[in-house]
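These are the residues of each chain, in order.
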Amino acid sequence: SEVEGKEVGPLRAWPGGLAMSRTIGDQEATGVCIAEPEVMQCTLPATGARLIVASDGLWDAIAGKTAAHSVRGMGAGQAAQKLSKA
């Protein structure tokens with residue numbers, strides 16, 4: 001179907017928007033949403049590490065190293081709140 005002359009997928013995917021949790025892996029969204037994750041493998045230090053899982057919205061606003069340094073030493077909840085304001 002089309003909206004304002006642009007082809008759109010199911011109601012979960014529209015021009016300028018995407019309901020992520022309902023679209024990835026959804027066969028109806030094929031061609032509108034590409035569910036290919038970005039994967040990186042690394043060795044963690046023996047002292048441990050943190051993993052920041054986020055969508056494009058965060059990574060468009062702040063670099064990975066900057067995000068990691070800005071929340072170093074914070075608890076998970078406090079770090080999430082700070083990063084959500086980036």
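Residues numbered from 1 in each chain as written. Predicted model: local features only at pLDDT ≥ 70, side-chain atom pairs only at ≥ 80, totals over all residues. Heavy atoms only, no water.

1. A closer look at the overall build of the protein chain
In terms of helices and strands, the protein chain carries four helices and four strands. Across the protein chain, helices and strands are ordered from the amino to the carboxyl terminus as β-β-β-β-α-α-α-α. When the 86 residues of the protein chain are sorted by exposure, 19% land in the buried category. Of the contacts formed within the protein chain by residues at least 6 apart in sequence, a portion of 20% connects residues at least 24 apart. If you sum the accessible surface of the protein chain, you get close to 7,300 Å²; carbon and sulfur atoms cover 53% of it. (Helix = DSSP H or I, 4+ residues; strand = E, 2+ residues; numbered from the N terminus. Buried < 20%, exposed > 50% of the residue type's maximum accessible area, 1.4 Å probe, protein only. Contact = heavy atoms within 4.5 Å. Areas by Shrake-Rupley, 256 points an atom, 1.4 Å probe, with all protein chains shown as cover.)

2. Looking at the nonpolar core
Ranked by size, the top nonpolar core spans seven residues in total: Leu58, Ile62, Ala67, Val71, Met74, Ala79 and Leu83. Ignoring any residue separated from it by four or fewer positions in sequence, one finds Val71 in contact with Ile52, Ala79, Lys82 and Leu83. (Core = buried A, V, L, I, M, F, W, Y, C linked by side-chain atoms within 4.5 Å.)

3. With respect to the confidence of the model for the protein chain
On average, residues of the protein chain score 79 in pLDDT, and 66% of them reach the 70 mark or higher. Ranking the helices and strands of the protein chain by mean pLDDT puts helix 3 (residues 64–70) first, with 94, and helix 1 (residues 20–23) last, with 59. (pLDDT = per-residue confidence, 0-100.)

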